[in-house]
Amino acid sequence: MTAPPATAATSSAQAAATVPLEEINATATQVAFGLRRPTAIAAPDDGTKRLFITEKRGTVRVYHPDTGLSQTPLIDITASVDESGNERGLLGIALAPDFARSQNLYLAYTALPDGAVTLARYRLGQAKLEPLLAQEHSENTNHNGGQLTFGTDGMLYMSIGDGGGAGDPFDSGQRLDTLLGKILRVDVSRSCGDLAYCVPADNPFTKVQGARGEIWMYGGRNPWRFSVDPANGSLWIGDVGQGRWEEIDHVKAGRQAGANLGWSCYEGLEVFDQAQCRTDVTYTKPVFTYSPHTGGCAVIGGQVYRGKQFADLVGGTYIAADYCYMTTWALRENGSGGYTAAEIGEMPTQVTAFGATPEGELYVVNDLPGGLHRISFEHVLPTCRIAYTARTWGTGLTMDLTITNVGSTPINGWTLRFPLARGQSVISDWNTDLVQNGDMVIATNAGHNGSIAPGQSVTMGYLASHTGDTASPSRFTLNKDTCAVAR
């Protein structure tokens, strides 16, 4: 990508709505080293500029931009934490809305001796840990969830995975008598009866016989990281897939109570287990999915950018990542009921969590070797542009793709990558050496068209079958550079 020419300043709201995602590049700058398998970030709104970072073993470390990473943990609950297995440990942290006064925060962890997924209050001034809620999770060490977030309503939201193993062996996702495979909503500001918290009266299943009243949403597999957009209260959920599809869900305020995310009837948009599907249920479809063929293995749900520094570029844009690959995903509503998505740069490997300062600036932590990174964005112009012409009929379609070099240097040898819509399978191709892996197409130049001079174009194409979805590809990368798309 190349830097765009300077333009007159526009308002942040206008620029955020008009700068195409493919003209945005995300970068990560490491600001702290020496973390031991960090899992979550929280930022107190108390004027101290601190970040609290959880470590898998059961400690919370403090980072300050002026003094760096403190060597002495702020919190140490290692004596209570079961960190056996790759996915157990101290998993989440949320600061009470009145943290500056109360010094109360909330932790999610897998507890000794049996790995129960536990929500606890920690009183910082007293160094006191108070377990509030626990869900048995002894059979498998994976799929614990563990995200904690306060909503705009003051309630505490928590995710718990489906109990682990493969294929939802306990059918947890669609059951309402267990907290496994759910996002919970509880009131931790008070207690009710024998509970150390209260179940809000407007939770959707409080009056359903046999159901757990804490459930807010169900049908999750392992919603490891989700976030609340402070501007509108909507939930963005990164739900880690079984192996075919990673998914991101966006559930707006007013549609969340009782929402069914689909697992294990669905994985992504495809039926996974027909026996778990019901005709009397409305499933909430993901707004974005990607497969391992795209380059990924576990989606790491991020946050909507609401800061000031980069508001003209990504204000109101959701940013996410993948644990195994360095892809940075950006999603934005398109104004027509859908979403645009793009790869906008790279994160460090093995990102585990995003966090935001009280001002809305973004950070990430990565698992190994254990670092904290500040996220920045820049406006860059793509060096490639894709135009396409499609023709469809019956169960077939043809697609001609014109690749234009809009950069300033020749392209000598190219590889174009793009996903196909579900049910599309390439039959033959022209002017390219094309391979389809799952939903992904990797098209490499033919011998006669490998060089594209600045301002010049080459055309390639393919014949494909389809099962009803004739949508054209929506995102492309050329030699790993995101291309503009002429629609």
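Note that the structure is a prediction, hence the values are computed from the model and not measured.

(A) Expanded view of the overall build of the chain. What the chain contains, in helices and strands, is four helices and 40 strands. Computed over the C-alpha atoms, the radius of gyration of the chain is 23 Å, within 12% of the 23 Å expected from 2.2 N^0.38 for a compact globule of 487 residues. Overall, the C-alpha framework of the chain stretches about 75 × 55 × 40 Å when taken along its three principal axes. The proportion of buried residues among the 487 residues of the chain is 53%. Pairs at least 24 apart in sequence give 59% of the contacts found in the chain among residues at least 6 apart. Surface exposure of the chain reaches about 19,900 Å², of which carbon and sulfur atoms provide 48%. Treating the 36 positive side-chain charges of the chain as one cloud and the 48 negative ones as another, the clouds have centres 3 Å apart.

(B) Layout of the pairing of strand 3 (residues 51-55). Counting buried positions along strand 3 gives five out of five residues, so the element sits mostly inside the fold. Residue alternation in strand 3 divides its side chains into two sets, Leu51, Ile53 and Glu55 and Phe52 and Thr54, and both sets are buried. In the sheet, strand 2 (residues 38-42) pairs with strand 3 via four bridges, with the strands oriented antiparallel. Paired with Ala40 across the bridge in strand 3 is Thr54. As judged from the five bridges shared by strand 3 and strand 4 (residues 59-64), these two strands associate in the antiparallel manner. Directly across from Glu55, in strand 4, lies its bridge partner Thr59. Hairpin remark: strand 3 followed by strand 4, antiparallel, with three residues in the connecting loop; positive phi at Gly58, about 120°.

(C) Just empty space enclosed by the protein, in detail. Counted by the stated rule, this structure contains one cavity of 30 Å³ or more. Counted as a void, the largest cavity has a volume near 60 Å³. Together, Gly219, Arg221, Asp239, Val240, Gly241, Trp245, Glu247, Leu261, Trp263, Tyr266, Glu267 and Gly268 line the largest cavity. Looking at the lining of the largest cavity, its residues break down into five nonpolar, three polar and four charged.

(D) The arrangement of the state of the cysteines in detail. In this structure the tally under the stated criterion is four disulfides. The disulfide that involves Cys265 links it to Cys277, with 2.0 Å between the sulfurs. As the torsion about the S-S bond is roughly 95°, the Cys265-Cys277 disulfide counts as right-handed. Of this pair, Cys265 sits in the loop between strand 18 (259-260) and strand 19 (266-267) while Cys277 sits in the loop between strand 20 (270-271) and strand 21 (288-290), placing them twelve residues apart in sequence.

(E) Main features of the sheet that holds strand 38 (residues 477-478). The strand order across the open sheet formed by five strands is 34-35-32-38-39, and the pairing between neighbours is antiparallel. For this open sheet the edge positions go to strand 34 (432-437) and strand 39 (481-482), each flanked by a neighbour on one side alone. Across two bridges, strand 38 lies against strand 39 in antiparallel orientation. Across the sheet, the residue bridging to Thr477 is Thr482, located in strand 39.

(F) A look at the environment of Asn104. One can find Asn104 in strand 8 (residues 104-111). Looking at Asn104, the relative accessible area reads 11%, which means it is buried. Asn104 sits 141 residues away from Trp245 along the chain, and the two C-alpha atoms are 38 Å apart.

(G) Fine view of the nonpolar core. Ranked by size, the top nonpolar core spans 36 residues in total, and within it Ile248, Ile344 and Phe377 carry the most contacts. In contact with Ile344, not counting residues within four places along its chain, are Leu21, Ile24, Asn25, Ala26, Ile319, Thr328, Ala330 and Phe377. One finds Leu119, Leu133, Leu179 and Val186 within the second-largest nonpolar core, a separate group that totals 26 residues.

(H) Just the pattern of salt bridges, in detail. Counting across every chain of the model gives 17 salt bridges. Residue Asp46 pairs with Arg50 through a salt bridge whose shortest N-O separation is 2.8 Å. Put simply, Arg185 and Asp153 hold a salt bridge, and the shortest N to O gap is 3.0 Å. Linking Arg185 in strand 13 (residues 182-186) with Asp153 in the loop between strand 11 (148-150) and strand 12 (156-160), this pair joins segments that are 32 residues apart in sequence. The class for Arg185 is buried, based on a relative accessible area of 5%. What emerges from the salt-bridge pattern is a single network uniting Glu55, Arg57 and Arg61.

Rules used in this analysis
- Residues numbered from 1 in each chain as written.
- Predicted model: local features only at pLDDT ≥ 70, side-chain atom pairs only at ≥ 80, totals over all residues.
- Heavy atoms only, no water.
- Helix = DSSP H or I, 4+ residues; strand = E, 2+ residues; numbered from the N terminus.
- Rg over C-alpha atoms; globule rule 2.2 N^0.38 Å.
- Buried < 20%, exposed > 50% of the residue type's maximum accessible area, 1.4 Å probe, protein only.
- Contact = heavy atoms within 4.5 Å.
- Areas by Shrake-Rupley, 256 points an atom, 1.4 Å probe, with all protein chains shown as cover.
- Lys, Arg positive; Asp, Glu negative; His and termini not counted.
- Charge placed at Lys NZ, Arg CZ, Asp CG, Glu CD.
- Pairing = 2+ DSSP bridges.
- 1 Å grid on protein atoms, 1.4 Å probe; cavity = no way out; pocket = protein on both sides within 12 Å on 5 of 7 lines; lining within 4 Å.
- Points joined across faces, edges and corners; volume = space filled by probe spheres on them.
- Nonpolar A, V, L, I, M, F, W, Y, C, P; charged D, E, K, R; others polar.
- Disulfide = S-S within 2.5 Å.
- Core = buried A, V, L, I, M, F, W, Y, C linked by side-chain atoms within 4.5 Å.
- Salt bridge = Lys/Arg side-chain N within 4 Å of Asp/Glu carboxyl O.

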